[in-house]
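What the coordinates show
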Amino acid sequence: AGARVAVISTLGRESKWSGNAAIGKSTNQSHREFIYRMAFPFARHLVGWEVQKALAVVDWFEKIDPLLPVAVMGEGDGGGVALFAAALDARIRVAGLNDYLGLRADLPSQPIDRNLMGVLRDFDERSVRALVAAPRKTYWQPDYVAAVARELGLRLGRPGVGAIDAAQAEARQL
């Protein structure tokens with residue numbers, strides 16, 4: 001028994017490394033916006049790259065033990081990455097996320113890297129929720145960690161499950 005759980009951590013919103021010390025130029029753009037602006041002319045998106053990282057972790061999990069179920073979890077932007085990864089890969093049995101769809105509200109005031117090039121126009125909230133088709137599960141509530149653990153047959157407090165709580169707390173700080 002057991003499971004493999006990936007807690008998605010996304011590129012941060014600080015701006016410490018958004019510059020080039022060699023030429024003495026820096027910007028106050030967040031890391032996410034800096035990468036977003038470089039990728040946009042090439043029809044690439046930061047979220048796509050982050051989803052690819054999550055899918056690489058799923059590939060790695062499968063090589064380690066293909067029989068263990070896989071879950072992905074995330075908060076905010078990480079929740080969106082978890083959702084899209086689960087929508088793309090049927091090996092992901094369950095996704096847990098919090099505060100992702102709330103980011104879609106009041107889009108003009110959101111950071112530019114949340115511009116997903118037509119997703120809001122083409123997918124309403126119900127359509128986004130339907131991306132992860134049955135029999136796979138998606139949990140959208142603040143206590144999604146417990147729901148994911150139950151879905152995977154894990155009991156919180158067992159050895160190894162505490163790492164899920166620790167990873168969730170760390171993801172919230174990023």
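Counting starts from 1 at the beginning of each chain's written sequence and moves along it residue by residue. Since the coordinates come from a predicted model, pLDDT governs what is reported: local features require at least 70, and pairs of side-chain atoms require 80 or more to be given and counted, while whole-chain, interface and lining totals use all residues. Only hydrogens and water are removed before side-chain values are computed, so all heavy atoms of the structure are retained for them.

Attention shifts here to the pattern of salt bridges. Just to be clear on terms, a salt bridge is a Lys or Arg side-chain nitrogen sitting within 4 Å of an Asp or Glu carboxyl oxygen. Using the criterion set out here, one finds 10 salt bridges in the structure. Of the charged contacts in the structure, one is a salt bridge between Arg32 and Asp77, with a shortest N-O distance of 3.8 Å. Of this pair, Arg32 sits in helix 1 (residues 31–39) while Asp77 sits in helix 3 (residues 77–88), and the two are 45 residues apart along the sequence. As far as the burial class goes, Arg32 and Asp77 line up, both buried. Connected through salt bridges with shared partners, the residues Arg13, Arg32, Glu50, Asp77 and Asp113 form a single ionic network. Numbering of helices and strands runs from the N terminus; a helix is a DSSP stretch of H or I covering at least four residues, while a strand is a stretch of E covering at least two. For the exposure calls, accessible area comes from a 1.4 Å probe over protein chains only, and a residue counts as buried if that area is under 20% of its type's maximum, exposed if over 50%, partly exposed in between.

On to the pairing of strand 4 (residues 70–75), then. Burial analysis of strand 4 places 6 of its 6 residues in the buried class, the great majority of the element. Neither face of strand 4 is exposed, since Val70, Val72 and Gly74 on one face and Ala71, Met73 and Glu75 on the opposite face are all buried. With 6 bridges connecting them, strand 4 and strand 5 (residues 92–98) associate as parallel partners. In the strand pairing of strand 5, Val72 is matched with Ala95. Every crossover in which the path from the first strand over the helix to the second runs clockwise, viewed with the strands pointing away from the viewer, is termed right-handed. One crossover worth recording links strand 4 to the parallel strand 5 by way of helix 3, and it is right-handed. Strands were regarded as paired on the criterion that DSSP finds at least two bridges between them.

Turning to the packing of aromatic side chains, a few remarks are in order. For any pair of aromatic rings, the description rests on two quantities: the centre-to-centre distance and the angle between the ring planes. By convention, a stacked pair of Phe, Tyr or Trp rings (six-membered ring in the case of Trp) has centres within 6.5 Å and planes under 30 degrees apart, an edge-to-face pair has planes over 60 apart, and any other such pair is tilted. A complete count under the given rule lists 2 aromatic pairs for this structure. Taking the centre distance of 5.7 Å and the plane angle of 45 degrees together, the rings of Tyr36 and Phe40 count as tilted. With relative accessibility at 41%, the residue Phe40 sits in the partly exposed group. Their ring planes at 35 degrees and their centres at 5.7 Å tell us that Trp60 and Phe61 sit as a pair that is tilted. Under the relative-accessibility criterion, Trp60 is labelled exposed at 53%. Residue Phe61 is classed as buried on the basis of its relative accessible area, which comes to 8%.

On their own, these measurements won't tell you what the molecule is for.
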